Amino acid sequence: MSSYKVRLYKESDHRTVHEIFTSGCHEHISPAFYNALRQPHNSLLLLVGLVLPLVTNGSILFSILVGVALLLVLWLPGREFFLYHLRHGLAGDLKNISKYYLEREGHCFWVVELQGEVVGMVAAVPYVTPHEKSVELKRMFVSRPHRGKGLAKLLCSTVIDFARKSGRPAVILTTTAIQVDARRLYEKMGFKSADLAPYNPVLKLAGMPWVGYRYDILSSR
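So, how was this worked out
- For every chain, the first residue of its written sequence is number 1, and the numbers climb from 1 along that sequence.
- Local features in this predicted model are restricted to residues whose pLDDT is 70 or higher, and side-chain atom pairs enter the listing and the counts only when it is 80 or higher, whereas totals over whole chains, interfaces and linings include all residues.
- The basis for every side-chain value is the complete set of non-hydrogen atoms in the structure, without hydrogens or water.
- A run of H or I in DSSP becomes a helix once it reaches four residues, and a run of E becomes a strand once it reaches two; helices and strands are each numbered from the N terminus.
- Burial here depends on accessible area, computed with a 1.4 Å probe over protein chains only, as a share of the maximum for the residue type. Under 20% is buried, over 50% is exposed, and the range in between is partly exposed.
- Contacts: residue pairs with any heavy atoms within 4.5 Å of one another.
- The protein chains shown are the only cover counted for residues, whose accessible areas, like all others here, come from Shrake-Rupley with a 1.4 Å probe.
- Residues enter patches when their relative accessible area tops 30% and they take part in no salt bridge; the joining distance is 9 Å for like charges and 5 Å for the nonpolar side chains Val, Leu, Ile, Met, Phe, Trp and Tyr.
- Criterion for a salt bridge: a side-chain nitrogen of Lys or Arg within 4 Å of a carboxyl oxygen of Asp or Glu.
- What pLDDT expresses is the predictor's confidence in each residue, scored from 0 to 100.
- Between N-to-C directions, angles cover 0 to 180 degrees, with each direction set by a line fitted to C-alpha atoms, over the stretch in contact for helices.
- With respect to orientation, any angle under 35 degrees is reported as roughly parallel, any angle over 145 as roughly antiparallel, any angle of 65 to 115 as roughly perpendicular, and every other angle as oblique.
- Gly is placed with the polar residues, together with every amino acid not listed as nonpolar (Ala, Val, Leu, Ile, Met, Phe, Trp, Tyr, Cys and Pro) or charged (Asp, Glu, Lys and Arg).
- Note on aromatic pairs: the rings of Phe, Tyr and Trp (six-membered ring only in Trp) are paired at centre separations within 6.5 Å, and the planes decide the class, stacked below 30 degrees, edge-to-face beyond 60, tilted for the rest.
- Cation placement over rings: the criterion is NZ of Lys or CZ of Arg within 6 Å of the ring centroid and within 35° of the ring normal.
- Only buried residues count toward a nonpolar core, which is a set of Ala, Val, Leu, Ile, Met, Phe, Trp, Tyr and Cys residues joined through side-chain atoms within 4.5 Å.

Moving on, we get to the overall build of the protein. Each helix and strand counted, the protein has nine helices and seven strands in total. By its C-alpha atoms, the protein is 70 × 40 × 30 Å across when sized along the principal axes. Taking all 221 residues of the protein together, the buried fraction comes to 42%. Long-range contacts, defined here as pairs at least 24 residues apart, represent 65% of the contacts in the protein between residues at least 6 apart. Total accessible area on the protein stands at roughly 12300 Å², and carbon and sulfur atoms take up 59% of it.

Moving on: a nonpolar patch on the surface. Where nonpolar side chains cluster on the molecular surface, the patch consists of L44, L47, V48, L50, V51, L52, L54, V55, I60, I64 and V68 and spans about 990 Å² of accessible area. The set of elements that each furnish at least two residues to the nonpolar patch consists of α3 (40-57) and α4 (60-91). Per-element tally for the nonpolar patch: the top contributor is α3, with eight residues. Position of L44 relative to the elements: it lies in helix α3.

For the protein, mean pLDDT is 89; residues scoring 70 or higher make up 94% of the total. Looking over the protein, one finds the lowest element-wise mean pLDDT in helix α8 (residues 201-205), namely 69, and the highest in helix α5 (residues 97-102), namely 98.

At a closest axis distance of 5 Å, the pairing of helix α2 (residues 29-38) and α3 adopts a crossing angle of 75°. Between α2 and α3, the angle is such that the two are roughly perpendicular. Of the residues in α3, those in contact with A36, L37 and R38 of α2 are P40, N42, S43 and L46. When its residues are assigned to classes, the contact of α2 with α3 shows four nonpolar, two polar and one charged.

So, about the packing of aromatic side chains. In the structure shown here, the tally under the stated rule is eleven aromatic pairs. Ring geometry for F81 versus F82: centroids 4.9 Å apart, planes at 80°, classification edge-to-face. Side by side, F81 and F82 carry an identical accessibility label, which is buried. Ring geometry for F191 versus Y215: centroids 5.2 Å apart, planes at 50°, classification tilted. Separated by 24 residues along the polypeptide, F191 in the loop between α7 (180-188) and β6 (192-194) and Y215 in strand β7 (residues 210-216) bring together distant segments of the chain. Side by side, F191 and Y215 carry an identical accessibility label, which is buried. Among the aromatic residues, those joined into a cluster by ring pairs are Y9, Y100, Y101 and F109. In this structure, R104 is placed above the aromatic ring of Y100, and the distance from its NZ or CZ to the ring centre is 4.5 Å.

So, on to the nonpolar core. One recurring pattern in soluble globular proteins is that nonpolar side chains are buried together. Residues L137, M140, V159, V171, Y186 and F191 are the most contacted members of the largest nonpolar core, which totals 30 residues. Taken together, the elements giving at least two residues each to this core come down to β2 (108-114), β3 (117-128), β4 (133-142), α6 (151-165), β5 (170-176), α7 and β7. The residues contacting F191, other than those within four sequence positions of it, are C156, I160, V171, L173, Y186, Y213, R214 and Y215. Membership of the second largest hydrophobic core comes to 24 residues, among which are F82, L86, I97 and M121.

For the rest of this paragraph, the subject is the side chain of S143. Within the element layout of this structure, S143 appears in the loop between β4 and α6. Ignoring sequence-local partners within four residues, the contact set of S143 consists of I20 and V119.

See below:
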């Protein structure tokens, strides 16, 4: 762990950051689909879709076609959700990271490296409400070969320290329900569930609604 180093982003990291972000978004697509399959209402829908054609006209082929169509319907929401975030990120804040994160007050972007190789990243942006100005943790990804080594915790702590030094009262974040490992990490670090996440009926039906978390700086001292 001591050989890993967190530092500010620099332009030479651009390609690797994009690769880590792209890989991270793509790898959530399959878990989202399998999670959708496990939802009771979706399992019932598949069962009805397979059985009904057999009962009504005795067609095995039509039953299979209906089943495939229903599987496609369950696969598409998760796929489009994560691909949308991929496209939105690459064309938005990650297009010019230095300009978006390092040249704006209250923003920052860090990478974690091992022997000169970037293996993870995290960002911080202001989170402003009528009642307070906090910090939002965003874009936290660690490349697959380097997971399980405490890097996500290190990156998360970096954002918490940034908020503390900035005099902000809290760090907030949103994630999806299917990102179990990330949620477990946040909870172990002292983040508490918070009503921050927007309601999305499609994600709700797919069994992967938004989940919000909050880390209170003052109470952690």
